[in-house]
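# Examination of the molecular architecture
This is what each chain is made of:
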Amino acid sequence: PGRERERMAPVVSVVTISDRASQGVYKDESGPRVCEVLKEYIATECEYILTCIPDEQEVIERTLKELAEEKGSALIVTTGGTGPAPRDVTPEAIEKVCHKLLPGFGEEMRRASLLEGVPTAILSRQTAGILHKSLVVTLPGKPAAVRTCLNAVFPAIPYCIDLIGGPRLEGNEDVVKVFRPKPK
């Protein structure tokens, strides 16, 4: 199975974390928006998985593990559950399942949002981490914040995936400049 996975298209997973969207109270707009932006940024042909789950820490942890271990996702992007409200538990789930945390991702996303004039960006607890060979990045739940936050961190995402042993993702040079060190 491992060798077959290497020949298949890389998997990119997007998880919307929202009680109301998962119950059908309103339509999930953030997850599809994340997929749309990632498809613009990633030139490599990928398989995209989109799922919507409630703000339950155990469900978030189980979903992330499944996407990393069973689906072999190179990149898992979550949207929602990063605020200060009692039901916002995405960062706690990330901290529990990831073996390494990458707080610079959250710092950069908050900085970018603040520069766009969003004073409440300081309330967001976005982060990133490594789960097996998957990079997990958390975004806020607002569709309007998706591009701002991904613009801020996407240039480092493909190289980070390289470093953790994931598949090589090429960026769409017309849209985003991906950083990789020059070979010596």
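Our structure is the block above this text.
A short tour of the structure in this document, coming up. Small disclaimer: the values here were computed from a predicted structure and weren't measured.

Here the focus is the overall build of the protein. Counting secondary structure elements, the protein contains eight helices and six strands. Projected onto its principal axes, the C-alpha coordinates of the protein cover approximately 45 × 40 × 30 Å. In the protein, which comprises 184 residues, the proportion classed as buried is 48%. Here the analysis covers contacts within the protein between residues at least 6 apart in sequence; of these, 72% occur between residues at least 24 apart. Accessible surface, the protein as shown: approximately 9600 Å² in total, 53% of it carbon and sulfur.

Let us look at a nonpolar patch on the surface. Where nonpolar side chains cluster on the molecular surface, the patch consists of Leu114, Ile122 and Leu123 and spans about 290 Å² of accessible area. The residue Ile122 is located in the loop between α6 (103-115) and β5 (128-131) in this model. Overall, the relative accessible area of 61% leaves Ile122 in the exposed class.

Counted according to the given criterion, the structure contains 11 salt bridges. Ionic pairing is found between Glu56 and Arg87, a salt bridge with its closest N-O pair at 2.9 Å. Separated by 31 residues along the polypeptide, Glu56 in the loop between β2 (47-53) and α4 (57-70) and Arg87 in the loop between β3 (73-79) and α5 (90-97) bring together distant segments of the chain. Judged by its relative accessible area of 39%, Arg87 is partly exposed. If you follow the salt bridges from partner to partner, you end up with Asp162, Arg168, Glu170 and Arg180 in one network.

As a further point, take the sheet that holds β3. Two pairing modes exist for strands in a sheet, parallel and antiparallel, and in both the strands are linked by backbone hydrogen bonds. One open sheet holds the six strands; their spatial order is β2-β1-β3-β6-β5-β4, and the pairing between them is mixed. Each end of this open sheet is capped by a strand with a single partner; those strands are β2 and β4 (100-101).

On to the packing of α4 against α5, then. When two helices pack together, their arrangement is given by the angle between the helix axes and the distance between those axes. Running from amino to carboxyl end, α4 crosses α5 at an angle of 50°, the nearest separation of the two axes being 9 Å. Relative to α5, α4 is oriented oblique. Note that α4 runs across α5; the crossing there is right-handed. Mapping the contact onto sequence places Gln57, Ile60, Glu61, Leu64 and Lys65 in α4 and Thr90, Glu92, Ala93, Ile94, Lys96 and Val97 in α5. Its residues assigned to classes, the contact of α4 with α5 comprises five nonpolar, two polar and four charged.

Every buried residue of α5 is listed here: Thr90, Pro91, Ala93, Ile94 and Val97. For α5, the angular spread of the buried residues around the axis is 160°, confining them to a single face. Turned more than 90 degrees from where α5 packs its buried face, Glu95 and Lys96 sit exposed. Those residues of α5 that are buried are in contact with β1 (11-17), α4, β3, β4, β5 and β6 (134-139).

Here Ile76 shows up in strand β3. Residues in contact with Ile76, not counting those within four places in the same chain, are Ser13, Val15, Leu64, Leu67, Ala68, Ser134, Leu135, Val136 and Val137.

Attention now moves to the environment of Ile157. With respect to the element layout, Ile157 can be found in helix α8 (residues 157-163). Along the sequence, Ile157 and Ala112 sit 45 residues apart, while their C-alpha atoms lie 16 Å from each other. Every residue in contact with Ile157, bar those within four places of it in the chain, is listed here: Leu75, Phe105, Leu135 and Val137.

Quick notes on the rules
Residues numbered from 1 in each chain as written. Predicted model: local features only at pLDDT ≥ 70, side-chain atom pairs only at ≥ 80, totals over all residues. Heavy atoms only, no water. Helix = DSSP H or I, 4+ residues; strand = E, 2+ residues; numbered from the N terminus. Buried < 20%, exposed > 50% of the residue type's maximum accessible area, 1.4 Å probe, protein only. Contact = heavy atoms within 4.5 Å. Areas by Shrake-Rupley, 256 points an atom, 1.4 Å probe, with all protein chains shown as cover. Patch = residues over 30% accessible without salt bridge, like charges linked within 9 Å, V, L, I, M, F, W, Y side chains within 5 Å. Salt bridge = Lys/Arg side-chain N within 4 Å of Asp/Glu carboxyl O. Pairing = 2+ DSSP bridges. Axes fitted to C-alpha atoms, helices over the stretch in contact; angles between N-to-C directions. Parallel < 35°, antiparallel > 145°, perpendicular 65-115°, else oblique. Left-handed = near helix turned anticlockwise from the far one by under 90°. Nonpolar A, V, L, I, M, F, W, Y, C, P; charged D, E, K, R; others polar. Arc of directions from axis to C-beta.

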